[in-house]
Amino acid sequence: MMRIEIPVDLLRDRQGDENAELILKLIAFFREARHEWVIAPHDVGAVQAFLQRHVPTLAQVYLLLAQKASMAQAWAPHGGTVGVVRMAGETLAGDIRDLERPAVLVVENAIYDWQMIEALARLLGCEDVIDAKEGSRLGVYNGGGKDGATRHAVDQAATFSRTKRVVLVIDSDSFHPAERTGNHEKADAAAREGVSSHVLSFREMENYIPNRVLARQPKKTAGMSHMAKRLESLKVLSPEQRAHFDMKHGFKGKPHKGAGQKVRNSGMTGTTYFVPPRHGDLYGDVAEPDLIVLQEGFGTDLPGLFLQEVMRGGVSERDLDGLGPDAKQELQSMFEKIRGVI
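None of these values were measured; they are calculated from a predicted model.

1. Quick notes on the overall build of the chain
- Counting its secondary structure elements, the chain contains 14 helices and nine strands.
- In terms of principal-axis extent, the alpha carbons of the chain reach across some 85 × 40 × 35 Å.
- Per-residue burial over the chain gives 48% buried out of 342 residues.
- Within the chain, contacts between residues at least 6 apart in sequence are counted, and of these 78% link residues at least 24 apart.
- Of the roughly 16,800 Å² that the chain leaves accessible, carbon and sulfur atoms contribute 51%.
- Positive and negative side-chain charges of the chain, numbering 43 and 46 respectively, have mean locations separated by a distance of 4 Å.

2. Section: the pattern of salt bridges
- In the structure shown here, the tally under the stated rule is 25 salt bridges.
- Of the charged contacts in the structure, one is a salt bridge between Arg162 and Asp95, with a shortest N-O distance of 2.8 Å. Placement of the pair is Arg162 in the loop between α7 (146–158) and β6 (166–170) and Asp95 in helix α4 (residues 92–100), with a sequence separation of 67 residues.
- Among the residues examined, Arg162 registers a relative accessible area of 38% and is labelled partly exposed.
- Owing to a relative accessible area of 0%, Asp95 belongs among the buried residues under this scheme.
- With a shortest N-O distance of 3.4 Å, Lys252 and Glu296 are connected by a salt bridge. Remark: Glu296 occurs in the loop between α12 (288–293) and α13 (302–311) and Lys252 occurs in the loop between α11 (239–243) and β8 (263–265); sequence separation between them is 44 residues.
- Its relative accessible area of 49% is what places Lys252 among the partly exposed residues.

3. Details of the sheet that holds strand β3 (residues 84–86)
- The sheet built from three strands is open, its strands ordered β2-β1-β3 with parallel pairing. Either end of the sheet is taken by a strand with one partner, and the two such strands are β2 (36–38) and β3. When the angles between neighbouring strand axes are averaged without regard to direction, this sheet yields 35°.
- Two elements, strand β1 (residues 3–5) and β2, share three bridges in a ladder whose sense is parallel. The residue bridging Arg3 from the neighbouring strand is Glu36, located in β2.
- Packed on one face of the sheet, helix α3 (residues 59–74) meets β1 and β2 and runs near 70° to β2.

Rules behind the numbers
- Residues numbered from 1 in each chain as written.
- Predicted model: local features only at pLDDT ≥ 70, side-chain atom pairs only at ≥ 80, totals over all residues.
- Heavy atoms only, no water.
- Helix = DSSP H or I, 4+ residues; strand = E, 2+ residues; numbered from the N terminus.
- Buried < 20%, exposed > 50% of the residue type's maximum accessible area, 1.4 Å probe, protein only.
- Contact = heavy atoms within 4.5 Å.
- Areas by Shrake-Rupley, 256 points an atom, 1.4 Å probe, with all protein chains shown as cover.
- Lys, Arg positive; Asp, Glu negative; His and termini not counted.
- Charge placed at Lys NZ, Arg CZ, Asp CG, Glu CD.
- Salt bridge = Lys/Arg side-chain N within 4 Å of Asp/Glu carboxyl O.
- Pairing = 2+ DSSP bridges.
- Axes fitted to C-alpha atoms, helices over the stretch in contact; angles between N-to-C directions.

Below is the structure:
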């Protein structure tokens, strides 16, 4: 939720009278827990005088809210005002319109990406983000790919007056750790227009799906042995290799002709696999039999399967540990960005 500060000057004398209706609307947001009130303990008295003058019957209710908020601020660590939206008389009406609208989350695919985000939120204790969507305080928009998502996020940001309550989450499409791709440039461009952007460290959303979920595929008995072998070969990969593996399509596909293309073939029919040259030497130490097994990937319906397994209790937060030491920290950072606009 957004953190909002109301300067006491807006509550006093003529400014307090002129802004009373808007200020009370803000306080109603705090009471409904749509946004968080940031107020210092020494400012509570000014709030009390304002409330007694304008809403004497609700003064006690709202004053208690102010007191609780001030105590939370008093105990906040140094720098607790970071990310706070400070109200001003000349922008107050526009700020109210910004704050009463739903926040906006723009993703590449509203169905699959939201399934991933919901599953991860439930595992990481971020159900408040799900509640915001279900309570119409957060809208999820389909970008139709990176370019469309970036454009849509910028367009949405332009509809907000001052507080741009828009966050963009896109894949990195990176082929090796720390690779900076065109998607980072797109996110930076959106950020310059006021969008809060998060580019995934892993290649795609599906790379954050733990192995326990993949073990549930497929349901047909005929495919179980092949999937089991594929999963065993996936477990051979290091966290960095797994993070940039094409989970949906694997090492399969016809390579483009040209210099520097690496195609390996064991000499047997059906055992050709293609490691895109952009990976560099990332998979250089992986045995050829494992690369052959991984040519198929794990399919395109993984987000739905992930959410299903989370909902039935078949996977827990501990299963994310196998993704690497920084994966959960990065995902928490993503959720903080989403929370930051709600």
